Amino acid sequence: MSARRLPASDRLFGLRTMLRIVGRIQRRGALTWVLVLGASMIGTAASIAALYDTPTKIHSYAEAVTSGNALVAINGMVEGIDSLGGVIQDEFGFMASFLLPLLGIRLAARATRLEEESGRLELLLGGRIARHEPTLAALLVATATIVTTGLLFVVGLVVCGVPLAGSILYALSLVALAFVFAGLAALLAQLTLHARGVYTWSLIVLASSYVLRGVGDATKTWVTWLSPLGWAEKTAPFGDQRWWALAIPLAAGLSLCGTALLLAARRDLGSALVRSGAGPERAAARLRGPIGLAVWIHRPAILGWLAGGVLLTGMMGALSQQLLDAMAGNHALAEAMGIANGRPLDGFVAATQLYLAVIAAGYVVQAIGTLRTEEAEGRLETRLSGTLSRARWLASHTLVLLGGLMMIVLGSSLVLGLTTALSVGDMAELGTTLRSGLAYLPAELVLAGLALTVYGLRPRLFGISWVSYAVMTFIAFLGPGLKFRQWALDISPTTHVGNPPAGTIQTGALTVMTGVAVTLMVVGFTAFRRRGVPQS
Amino acid sequence: MTDTAVIHTEGLTKVFGNVRALDRLDLTVRPGEVHGFLGPNGAGKSTTIRVLLGLMKATSGHAELFGGDPWRDAPRLHRRLAYVAGDVALWPALTGGQCLDVLGATQGGVDERRRTDLIERFDLDPTKRVRDYSKGNRQKVALIAALAAHADLLVLDEPTSGLDPLMEQAFQECIRERREEGVTVLLSSHIMGEVEALADRVSIIRRGRTVTSGTLADLRRHTRTAVRVVTVSEAVGLADADGVTDFQSEWIDGLKDSRFSINSDNLDAVIGRLHAAGIHTLTVTPPSLDALFLQNYGETLDPDEVAADGSLAEAAR
C-alpha cells in the first residue's frame, strides 16, 4: 500500500478493490437470488417432466394452451411448445418475465445509486478508486451472478431431459434478458437521485415490456420485437433456434452499460438528471395523527399489492371463459391448474383465490416488516418520545395494515367476480367469489399474528415470518400438484380454508384460525409493550 | 431534593445480555438548569436517556422523570418534554416542514411563532424532502421541532454533531433563551466548548457509572491550574511550594521562564512568591473542560474499555 506503484497496475488496483467490495456487499443477496431462481426453475422443470411424461400428454398440453390468445398473452408465444422444453418455457414464462429482469435491476441498483445515496461511495472515491469503477464493478458482479443462474438453469433442464442445445439457448436468452435490465438500472442509477427512482423507472419499463410482448404475441405482429421480453422469446430455443437473436439484447445491454459508465465517469458525485422538486411546507391535518401517518407509511405497499392482486384477478377473470373451453377438452390442463373434479368454473375461481391469498399474505408480512424498518432506522424512537404510547402506535399500524388487507382482498375479489361474471355471462358468480375471498382472511391473519409475535418478541428474527410465508406459498402452489402427504399440506393455513368455492368453507377451521391469529397478536402486543426500543 | 428534581436516578443499572451498559448510575437534574452530560462513546449516555424516556426498562435501580416512573407513565410525562435523538431519523419522503408538524403533533404543543422564527434562524428550507437534506439539515429539523415545543424539559442527545459553527452559535443562543424562560435542559454532548458555554452543572460518566458531578466551578476547584510566568529574578522556593507540580524553568535572555501546574487552593500563596521575584509576564489557565474530562478518564481509555464499548454498541443494536 505504502509504495507508489506504476499507473498501469494502479488502474487494476481500483477495479480489483471495487470488485472485492461489491462482491462482499452483494454476496448474501446474490446467493439467495441464484438459489431461489435455480430452485424455482428446476422445480418447475422437474414437476413438468413428471406430469407430462409421454409425447401424447405434451401434445394435448400444447393444443390446450395454444387454443386461445389468452394464455399466449400471459406466458408468451412459445415456438416449439410441442416438446418438453417448450412446455417448461411456457410454464416458467410468467415467472421468468419478472424474476430475471428483477434480478438484474436489484443487483445493479443495490451497488450503484444506493451506495451513492448512503454516502459510502463518496468514501470510496476519496480513495484510489476512479469514478467509473464502482459502476463497472457492480455490472461485472451482476453479470457473473446472472451467468451463474443461467448455468444452473442449463444443468437443471438437461437433468430433466431437455436437449442440450435448446437448454443452452433458453438459458442464454434469459441471461441476456437479465443483463439488459442490469444495464438499464445502471444507467437509471446515473440519472435519478435515489435508489427508489431507479426501481420505479425500471419497473415501469419492465411492465411496458410485458404489455408490448403480450400485445405483440396476441396479435401476432412485430410489436413483440419492441420488448426485451420479446427478444428472449424470439430466440425460440425449442423451435427454430435463432441464435442470432441473442445479439439484440447483447447489443442493447452493452450500450446501456457503456452509457452508464460514460456518465459515471463524467458526472459529479451526487448529481442527477431527475431531481425531486419542492414539497408542501406544512403537514396536512390527517398526516399528524398516528393513524394518518400509518396510512401514509403503508399506502405505497397497499397500492402495490392491490395492483398486483387486481392485475392477476382481472386477467384470470377476463380469460375465464377461454380457460373453461380449453379445460373442457383437456383434463391434464385442469389438473396442472389444481382443478381436478367438480364444476370447472368453481375450481378456476378457487385456484385464483388461492393465488390471491398468497398475494395478500405477502402484503401482510411485508407491512409488518415495515414496522421493523421504522424501528431499525430510528424513527420509532423519535415517534415514542412524544405523547404517543407504544400500544397506540402499534394499534394504529395494525389497524391500517388490516384495513389494507381488507382492501386488497375485497378489491381483488370484486374484480375477479366482475370480470368472471362478464366473461361467462352470469352475475351469480359475484357473491360466491367475494365470499371465498373473505374466507381466506383467517389464514392471512394467522400469518399476520405470527409476524407480529416475532416483531414483538425479537425483531431481529423477523426472517422467520418470511420463511413461514415461503413455506406457505410453496405448499399452496405446489403441494397438491406434487401430491404432498396430508400432514405436509396441513402445515399451511390456506389448506384449512376448504378451497372455496370448489369445496365448502370450513367454518370450524376458520374459527380456530381466527382464535390462533388473535392469540398471536395479543402475544405480539404484550411483548412489544414490555421490550426495549430500539431493538433490531 | 428528590421531589423537586426534574430527572433523578439512583443506582440505575441496565444489562444487555452479559454487557453492563449502566452500572449503578446516579444523575440529578434540577429545575431550570442546563445539565451537561459527558462521557465517551459507549459510556451509556444514550442508554440513560432511553431509560429516562421509558423506551427501555432499567434492569434495577430507580429512575424518575418529573417525579413519575418513565417506564409506566411515558406518554403522560412526555407531554412536558421534547427530545432530539443522537441519530436523527426522519421519514425520507416527507418535507422538513411536514416532519416538523408530525413531530409536533405528539408533543405537548407547538409555539407557532417560535417555529417560524427558528426556521429562519437555522436557515432551513422546509419545502425540501428529508432525503434531499444533508445530515446537518436533518439535525436542524429535529432541533427546531424540540425547541419550538411547549416543553419544560429538553433532552438533547448530541444535538449539534452535524451543525456548522454558525448554526452552533444559533443553537447556543436558543438554549440560553429557553433557559431564561425556565426550561430545564439535559445536554449530552461531545463538544466541550458547547457544554462549557451552556452548562450550569455537569455529570461525567464512564462505563455506565457517574464519575463526577457538580458545577463547573466545583469541578475546577479540585483540579489543577496551569501557570506560565516570566520573572525578573528567581522566585524563592517555588519548585517546592505547596501544591506545585510539573515544575520546569530556564533562563532566557536574563529572565526566568517557569511553567508549572498548581492546585487552585494554593494559587494565592504562589502568586505572592512570584510577585516578590518581579513578574514580567504571567499567564494563568484554569483547567478546560477537556482537561477535566481527560483527567477523569486517566488520559486515555485502556484497551479493555475500548473492547467493552464495542461489544456494548453491538448489544444495544
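Residues numbered from 1 in each chain as written. Chains lettered and ligands numbered in written order. Predicted model: local features only at pLDDT ≥ 70, side-chain atom pairs only at ≥ 80, totals over all residues.

## Re the overall build of chain A
Then, in step 1: Scanning chain A from terminus to terminus reveals 23 helices and 0 strands.
Then, in step 2: Its C-alpha atoms give chain A a radius of gyration of 25 Å, within 12% of the compact-globule value 24 Å for 536 residues.
Then, in step 3: With the C-alpha coordinates aligned to their principal axes, the bounding extent of chain A is approximately 80 × 70 × 40 Å.
Then, in step 4: When each of the 536 residues of chain A is scored for burial, the buried share is 48%.
Then, in step 5: Looking at chain A alone, contacts between residues at least 24 apart form 76% of all its contacts between residues at least 6 apart. (Helix = DSSP H or I, 4+ residues; strand = E, 2+ residues; numbered from the N terminus. Rg over C-alpha atoms; globule rule 2.2 N^0.38 Å. Buried ≥ 20, exposed ≤ 12 C-beta atoms within 10 Å, placed from the backbone. Contact = placed C-beta atoms within 7 Å.)

## A closer look at the overall build of chain B
Then, in step 1: On a plain count of helices and strands, chain B comes out with 11 helices and 13 strands.
Then, in step 2: Here the C-alpha coordinates of chain B stretch approximately 70 × 45 × 40 Å along the principal axes.
Then, in step 3: Restricting to contacts in chain B with at least 6 residues of sequence separation, those with at least 24 account for 73%.

## Topic: the domain arrangement of chain B
Then, in step 1: The domain boundaries assigned to chain B delineate domain 1 (7-219) and domain 2 (224-286).
Then, in step 2: Of note, the centres of domain 1 of chain B and domain 2 of chain B, computed from C-alpha atoms alone, are 43 Å apart. (Domains from an automatic or database assignment.)

## Notes on the interface of chain A and chain B
Then, in step 1: Every contact between the two is made by 26 residues of chain A and, on the other side, 31 residues of chain B.
Then, in step 2: Of all the secondary structure elements, the ones that give two or more residues to the side of chain A that touches chain B are helix H12 (285-288) and helix H17 (379-384) of chain A.
Then, in step 3: Tallying contributions element by element places H17 of chain A first for the side of chain A that touches chain B, with 4 residues.
Then, in step 4: Classifying every residue of the side of chain A that touches chain B by side-chain character gives 8 nonpolar, 12 polar and 6 charged. (Nonpolar A, V, L, I, M, F, W, Y, C, P; charged D, E, K, R; others polar.)

## Observations regarding the nonpolar core
Burial of nonpolar side chains together is a common tendency in soluble globular proteins.
Then, in step 1: Counting residues in each nonpolar core, the largest one holds 146 residues, and the members touching the most others are Ala360, Val364, Ile368 and Ala451 of chain A together with Ile144 and Ala146 of chain B.
Then, in step 2: Per-element tally for this core: the top contributor is helix H16 (residues 344-376) of chain A, with 18 residues.
Then, in step 3: Ignoring anything within four residues of it in the chain, the contact list for Ala360 of chain A reads Leu405, Ile408, Val409 and Glu444 of chain A.
Then, in step 4: With 75 residues, the next largest nonpolar core counts Ile74, Ile88, Ala96 and Leu177 of chain A among its residues. (Core = buried A, V, L, I, M, F, W, Y, C linked by C-beta atoms within 7 Å.)

## Focus: the pairing of strand E2 (residues 19-29) of chain B
Residue and element names in this part refer to chain B.
Then, in step 1: Pairing of strand E1 (residues 7-16) with E2, which is carried by 7 bridges, proceeds in the antiparallel orientation. Within the sheet, the bridge partner assigned to Phe16 lies in E2 and is Val19.
Then, in step 2: The loop that links E1 with its antiparallel partner E2 comprises 2 residues; one of these, Gly17, has a positive phi angle of about 60°. (Pairing = 2+ DSSP bridges.)

## Observations regarding helix H6 (residues 165-180) of chain B
All names here are of chain B.
Then, in step 1: The end-to-end C-alpha distance of H6 is 23 Å, a good match for the 22 Å that 16 residues give at a rise of 1.5 Å each.
Then, in step 2: Every buried residue of H6 is accounted for by Met167, Phe171, Cys174 and Ile175. Each buried residue of H6 sits inside an arc of 100° when the element is viewed along its axis, so together they form one side. Within H6, the exposed residues directed more than 90 degrees away from the buried face are Pro165, Leu166, Gln169, Glu173, Glu177 and Glu180.
Then, in step 3: Immediately downstream of H6, the backbone of Gly182 shows phi near 95°, a positive value. (Expected span 1.5 Å × (residues − 1). Arc of directions from axis to C-beta.)

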